[in-house]
Amino acid sequence: MESTRPIRALMRGLDALTVLNVRDGATVSEVAQEIRLPRTTVYRILETLCNAGFVFRDGSDDRYRLTIMVRALSAGFDDEAWVTQIAKPFIHDLGRDIVWPVSIATLSGTTMMTRETTDHASPLAVERYSAGFRLPLLTSAAGRAYLAFCPASQRDALIELLARSTKEEGKLARSPSGLGAPADLLRALADIKSQGHATTSRTRRIMEEISVSVPVMLDDRVLACLTVRFAAAAIPLKTGVERFSPKLRQCAAKISTSFSKHQADARLKGAPKTAA
């Protein structure tokens, strides 16, 4: 039996997908440089992947990114392509509504990684952060919200990992007895879950900044955490929580509902066809 020759176009398409996955999005030129093909050829490859539903071109920066359809090729939840595709429109709608910067972050190791933010579109953002910025679990509103709402077994495992760290955050995760999580930390997380949101306050260069964060839930799984930041001098904590937490929860619910719908659609597309 003769060996089958590889299909070059398919190989090139897979190479392009690999670049997009590693870079979390890339321009035509960046992909062309990585896989060493002419820009015109790469453009056709990327547009073909767009037509197939596996890639989309982000109009905000002309970068190509993976879509949730790629998830149908895997049983896991390792990549966070869904954040850009599903959550971005909702986040930017919320940002236009409340003006203060809004961001969404997902768990990455023992930190929260910012996946999308309205910082650069908000006139009220004093310090502007971009996607990829990492937040500590125990001292950020997003991290505390994640720990409060994730399953207890996952919470305990994360706290145990943090307790072994030599960083400042490790001290907050260590119990004086050396056994389990500190009681005051567990009480604080229980309060956050009861309230439905987490808050933190940090002194910046020119002001005190307050963050309020809520989880984006799918059943008992925390998909991400949605956060708004605002100046304490402009809006007191109590007022900010009353004003923003309902809007954050509404936005989180929309993202969760949209994610569930996309998951269901992906399963239907991947299901074997039955005879009529």
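This one's a predicted model, so the numbers in the text were calculated from it and none came from an experiment.

Enquirer: Describe the overall build of the chain, listing the residues and the values that go with them.
Expert: For the chain, the count of helices and strands is nine helices and eight strands. Burial status across the chain gives 46% buried among its 276 residues. Taking contacts inside the chain between residues at least 6 apart in sequence as the whole, the part at least 24 apart equals 51%. Here the chain has roughly 15,400 Å² of accessible surface; of this, 54% comes from carbon and sulfur atoms.

Enquirer: Can you lay out the sheet that holds strand 4 (residues 111-117) for me, pointing to particular residues and giving the numbers?
Expert: Pairing within the open sheet is antiparallel, and its six strands lie in the order 5-4-3-8-7-6. Looking along the sheet, the strands with just one partner apiece sit at the ends: strand 5 (134-136) and strand 6 (198-203). Going across the sheet, the axis of each strand differs from the next one's by a mean of 35°, ignoring polarity.

Enquirer: I'd love a proper account of the nonpolar core, names of residues and values included.
Expert: Core analysis: the largest hydrophobic core is formed by 30 residues, its most contacted members being Trp 82, Ile 104, Val 216, Leu 226, Val 228 and Ile 255. Listing elements by their share of this core, those giving two or more residues are helix 4 (81-98), strand 3 (102-108), strand 7 (208-218), strand 8 (221-231) and helix 9 (237-270). When neighbours within four sequence positions are excluded, Val 216 is seen to be in contact with Ile 104, Arg 221, Val 222, Leu 223, Ala 224, Cys 225, Leu 226, Ala 252, Ile 255 and Ser 256. In terms of nonpolar packing, the next biggest core, distinct from the first, is built from 23 residues, Ala 105, Leu 138, Ala 142 and Leu 158 among them.

Enquirer: So, the pairing of strand 8: which residues are in play, and what are the values?
Expert: Two faces, one strand: in a regular strand the side chains alternate between the faces of the sheet. Most of strand 8 sits inside the fold, with 10 of its 11 residues counted as buried. Two elements, strand 3 and strand 8, share four bridges in a ladder whose sense is antiparallel. Counted as the bridge partner of Ala 105 is Cys 225 from strand 8. Both strand 7 and strand 8 contribute to a ladder of 10 bridges, which runs antiparallel. Note that in strand 8 the partner of Leu 218 across the bridge is Arg 221. Counting the residues in the hairpin turn of strand 7 and strand 8 gives two residues, including Asp 219, whose phi is positive at 60°.

Enquirer: Got a sec to walk through the pattern of salt bridges? Specific residues and values, please.
Expert: A full pass over the atoms with the stated rule returns 10 salt bridges. The partner of Glu 242 in a salt bridge is Lys 238, with the nearest N and O atoms 2.6 Å apart. Taken together, the residues span about one helical turn, with Glu 242 and Lys 238 both in helix 9 at a distance of four residues. Members of the salt-bridge network, linked through shared partners, are Asp 58, Arg 65 and Lys 88.

Enquirer: A description of the packing of helix 1 (residues 8-23) against helix 2 (residues 28-35) should follow, citing residues and the corresponding values.
Expert: Their axes nearest at 10 Å, the elements helix 1 and helix 2 cross at an angle of 115°. Here helix 1 runs over helix 2; the crossing is right-handed. Across the interface between the two elements, Arg 12, Asp 15, Ala 16, Val 19, Leu 20 and Arg 23 from helix 1 touch Glu 30, Val 31, Glu 34 and Ile 35 from helix 2. Partitioning the contact of helix 1 with helix 2 into residue classes produces five nonpolar, no polar and five charged.

Enquirer: Outline the confidence of the model for the chain, supporting the account with residue identities and numerical values.
Expert: With 87% of its residues at a pLDDT of at least 70, the chain reaches an overall mean of 85. Note on residues 75-79: pLDDT under 50 across the span, and seven contacts to partners over four residues away in sequence or across chains. Predicted confidence for residues 272-276 stays below pLDDT 50, and this span has zero contacts to residues more than four positions away or in other chains.

Enquirer: Can you tell me about empty space enclosed by the protein, naming the residues and giving the values?
Expert: Counted by the stated rule, this structure contains one cavity of 30 Å³ or more. Taken together, 18 residues form the lining of the largest cavity, with Leu 135, Arg 204, Ser 211, Thr 227 and Arg 229 sitting closest to its centre. Sorting the residues of the lining of the largest cavity by element identifies strand 4, helix 5 (141-149), strand 6, strand 7 and strand 8 as the ones contributing at least two each. Here the lining of the largest cavity is composed, by residue class, of five nonpolar, eight polar and five charged.

Enquirer: An account of the packing of aromatic side chains is requested, with residue identities and associated values reported.
Expert: Applying the stated criterion to the full structure yields two aromatic pairs. Between Tyr 129 and Phe 133 the ring centres are 4.4 Å apart and the planes differ by 35°, which places this aromatic pair in the tilted class. What makes Tyr 129 buried here is its relative accessible area of 16%. Relative to Phe 244, the ring of Phe 230 lies with its centre 5.3 Å away and its plane at 55°, an arrangement referred to as tilted. Of this pair, Phe 230 sits in strand 8 while Phe 244 sits in helix 9, and the two are 14 residues apart along the sequence. Comparing Phe 230 with Phe 244 shows no difference in burial state: the two are buried.

Parameters at a glance
Residues numbered from 1 in each chain as written. Predicted model: local features only at pLDDT ≥ 70, side-chain atom pairs only at ≥ 80, totals over all residues. Heavy atoms only, no water. Helix = DSSP H or I, 4+ residues; strand = E, 2+ residues; numbered from the N terminus. Buried < 20%, exposed > 50% of the residue type's maximum accessible area, 1.4 Å probe, protein only. Contact = heavy atoms within 4.5 Å. Areas by Shrake-Rupley, 256 points an atom, 1.4 Å probe, with all protein chains shown as cover. Pairing = 2+ DSSP bridges. Axes fitted to C-alpha atoms, helices over the stretch in contact; angles between N-to-C directions. Core = buried A, V, L, I, M, F, W, Y, C linked by side-chain atoms within 4.5 Å. Salt bridge = Lys/Arg side-chain N within 4 Å of Asp/Glu carboxyl O. Left-handed = near helix turned anticlockwise from the far one by under 90°. Nonpolar A, V, L, I, M, F, W, Y, C, P; charged D, E, K, R; others polar. pLDDT = per-residue confidence, 0-100. 1 Å grid on protein atoms, 1.4 Å probe; cavity = no way out; pocket = protein on both sides within 12 Å on 5 of 7 lines; lining within 4 Å. Points joined across faces, edges and corners; volume = space filled by probe spheres on them. Phe/Tyr/Trp six-rings, centres within 6.5 Å; stacked < 30°, edge-to-face > 60°.

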